[in-house]
Amino acid sequence: MDEITFKSDTVLSDVHLYTPNQRHLMVRLNGMGQPVFLSQFKLLWNRDSGVKGGDVRTEETPPTDAGSPPGSGCHREDVSLQAKADTSGQEGLEAQLDEDGDLDVVRRPRAASDPSGPLRDKVHPMILTQEEDNGLGDEARESSPHDFIKIEHTMATPLEDVGKQVWRGALLLADYVLFQRDLFQGRTVLELGGGTGLASIVAATVARTVYCTDVGADLLAMCQRNVALNSHLTAAGDPEVPFSWSEEDISDLYGHTTILLAAEVFYDDDLTDALFKTLSRLAHKLKNACTAILSVEKRLNFTLRHLDVTCEAYDHFRSCLRQLERLADGRLRFVVEPVDASFPQLLVYERIQQLELWKVFVEPVMGPVPSAGTAPRLLL
């Protein structure tokens with residue numbers, strides 16, 4: 001599997017674009033016949049803080065009034081990566097001229113493994129190689145097991161299977177969880193569209209219980225395997241029927257959940273609408289005030305309709321946020337605010353400017369109930 005064969009409908013996460021030129025450890029084929037790879041992701045946290053957290057329960061999407069799926073059968077996940085930076089020093093930064101006095105541009109080698117020159121300034125997952133003992137490299141063997149997360153994932157899929165890949169938005173969300181560990185300490189957390197389970201696994205290092213939800217048996221099985229691969233970080237729930245909700249689970253979900261997570265599930269307008277509809281329904285059924293933390297990447301695309309570069313999926317996401325904030329039914333109000341993404345990185349990945357985090361605070365309405373004729377409505 002040195003090269004990936006692309007078809008017209010193939011989608012490849014930016015996280016996997018810059019991979020080392022080496023033999024990757026393909027561990028198996030999934031139920032769809034797609035190759036599955038194993039990557040390890042380094043955590044840059046303080047080992048003294050203690051990491052054994054709550055349990056992760058892998059479930060189908062949570063039940064709602066209408067019984068419709070909670071929004072996203074597609075989700076993105078992302079992985080802790082290692083940066084291959086140019087360490088050739090800062091000397092010689094002044095302009096270099098050739099013998100004719102023209103600017104001499106020194107080009108970097110195409111391959112990151114090319115020993116003839118400096119490495120490309122790229123970021124990529126540390127994909128395990130077949131030569132590494134017990135699936136861990138030298139760095140992992142020298143470090144504590146608690147310093148790494150291992151994730152099985154695919155590398156190129158059709159659009160409907162992008163949840164099996166790792167995406168930068170999931171890395172940003174997981175990074176925020178590590179940065180705000182006190183916020184998650186002892187909480188019950190629900191992730192919508194968990195994909196490979198990266199963010200949920202990180203959340204479970206501090207939360208009491210994490211419900212990681214998605215749709216599709218093959219994707220949920222991958223997520224369940226990833227939970228098992230990281231038993232050194234967190235415990236796994238053990239439902240009687242795989243990927244199902246027991247009455248006890250539903251009661252615990254509605255009775256204790258205070259944080260909802262979603263990462264990279266806003267690339268399609270229909271999925272975005274379903275996510276916000278599910279968020280509204282869940283907020284009305286939860287017994288406690290809650291906070292939703294949403295991670296999104298602003299993707300620029302050239303469209304023939306506009307003959308210009310646009311961000312239609314992102315613009316629709318922002319429109320839904322505005323509608324949610326205007327929603328009033330006399331019981332709850334939704335307060336939306338952006339999160340400053342300049343917090344320290346505790347995962348090594350490429351935090352590009354287009355990555356954003358948003359918080360939605362769901363609070364009970366205090367004061368008189370608005371008149372029915374003037375209350376804004378959420379149009380989904």
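Residues numbered from 1 in each chain as written. Predicted model: local features only at pLDDT ≥ 70, side-chain atom pairs only at ≥ 80, totals over all residues. Heavy atoms only, no water.

Quick word on the overall build of the protein
Put simply, the rule is: Runs of E in the DSSP output that reach at least two residues are strands. Runs of H or I that reach at least four are helices, and both are numbered from the N terminus. Residue exposure (1.4 Å probe, protein chains only): buried if accessible area is under 20% of the type maximum, exposed if over 50%, otherwise partly exposed. Here the Shrake-Rupley method, with its probe set to 1.4 Å, supplies the accessible areas, and only the displayed protein chains count as covering residues.
Within the protein one finds eight helices and 17 strands. By residue count, 48% of the 380 residues in the protein fall in the buried class. For the protein, the exposed surface amounts to about 18400 Å²; the carbon and sulfur share of it is 49%.

Overview of a nonpolar patch on the surface
To keep things clear, this is the line we draw: Only residues above 30% relative accessible area that lack a salt bridge enter a patch, with like-charged residues linked at up to 9 Å and the nonpolar side chains Val, Leu, Ile, Met, Phe, Trp and Tyr linked at up to 5 Å. By salt bridge we mean one thing: a side-chain nitrogen of Lys or Arg within 4 Å of a carboxyl oxygen of Asp or Glu.
Residues L300, F302, L304, L307 and V309 make up a contiguous nonpolar surface patch of roughly 580 Å² in combined accessible area. With a relative accessible area of 47%, V309 lands in the partly exposed category.

Things to note about the pattern of salt bridges
Counting across every chain of the model gives eleven salt bridges. With a closest N to O distance of 3.0 Å, E152 and R28 form a salt bridge. Of the two residues, E152 sits in strand β7 (residues 148-153) while R28 sits in strand β2 (residues 26-29), which places them 124 residues apart along the sequence. Its relative accessible area of 5% is what places E152 among the buried residues. Across the pair R225 and E152 runs a salt bridge whose closest N-O atoms are separated by 3.1 Å. In this pair, R225 sits in helix α5 (residues 217-229) while E152 sits in strand β7, placing the two residues 73 residues apart along the sequence. Here the salt bridges do not stand alone but share partners, grouping R168, E264, E297, R299 and E350 into one network.

Considering helix α2 (residues 168-179)
Just so we agree on the cut-off: By this rule, a helix spans an expected 1.5 Å times one less than how many residues it contains.
Taking 1.5 Å per residue as the helical rise, α2 with its twelve residues ought to reach 16 Å, and the 16 Å between its terminal C-alpha atoms agrees with that figure. Counting buried positions over the twelve residues of α2 gives eleven, a clear majority of the element. Within the span of α2, buried status applies to R168, G169, A170, L171, L172, L173, A174, D175, Y176, V177 and L178.

Digging into the nonpolar core
Here is the rule we go by: For our purposes a nonpolar core is just a set of buried Ala, Val, Leu, Ile, Met, Phe, Trp, Tyr and Cys residues, chained together by side-chain atoms within 4.5 Å.
Of all hydrophobic cores here, the largest spans 42 residues; its most connected members are I149, F184, L261, I293 and L357. Secondary structure elements with two or more residues in this core: β7, α2, α4 (198-203), β10 (209-214), α5, β12 (257-263) and β17 (355-364). Among the elements that line this core, the one with the most residues is α2, at eight residues. If you look at the next biggest cluster of nonpolar residues, it comprises 34 residues, including I250, V265, L327 and W358.

Regarding unusual backbone geometry
Where the residue is not glycine, phi is negative for most of them; where a peptide bond is considered, it is trans in most cases. For E264, which is not glycine, the phi dihedral falls at a positive 55 degrees. When you line up the elements, E264 lands in the loop between β12 and α7 (269-285). By relative accessible area, E264 is classed as buried at 2%.

Some words on helix α6 (residues 247-256)
We count it as follows: Pairs of residues are marked as contacts when any of their non-hydrogen atoms sit within 4.5 Å.
Every buried residue belonging to α6 is among D249, I250, D252, L253, Y254 and G255, and all of these are buried. Buried residues along α6 sit against β4 (55-60), β9 (188-192), β10, β12 and α7.

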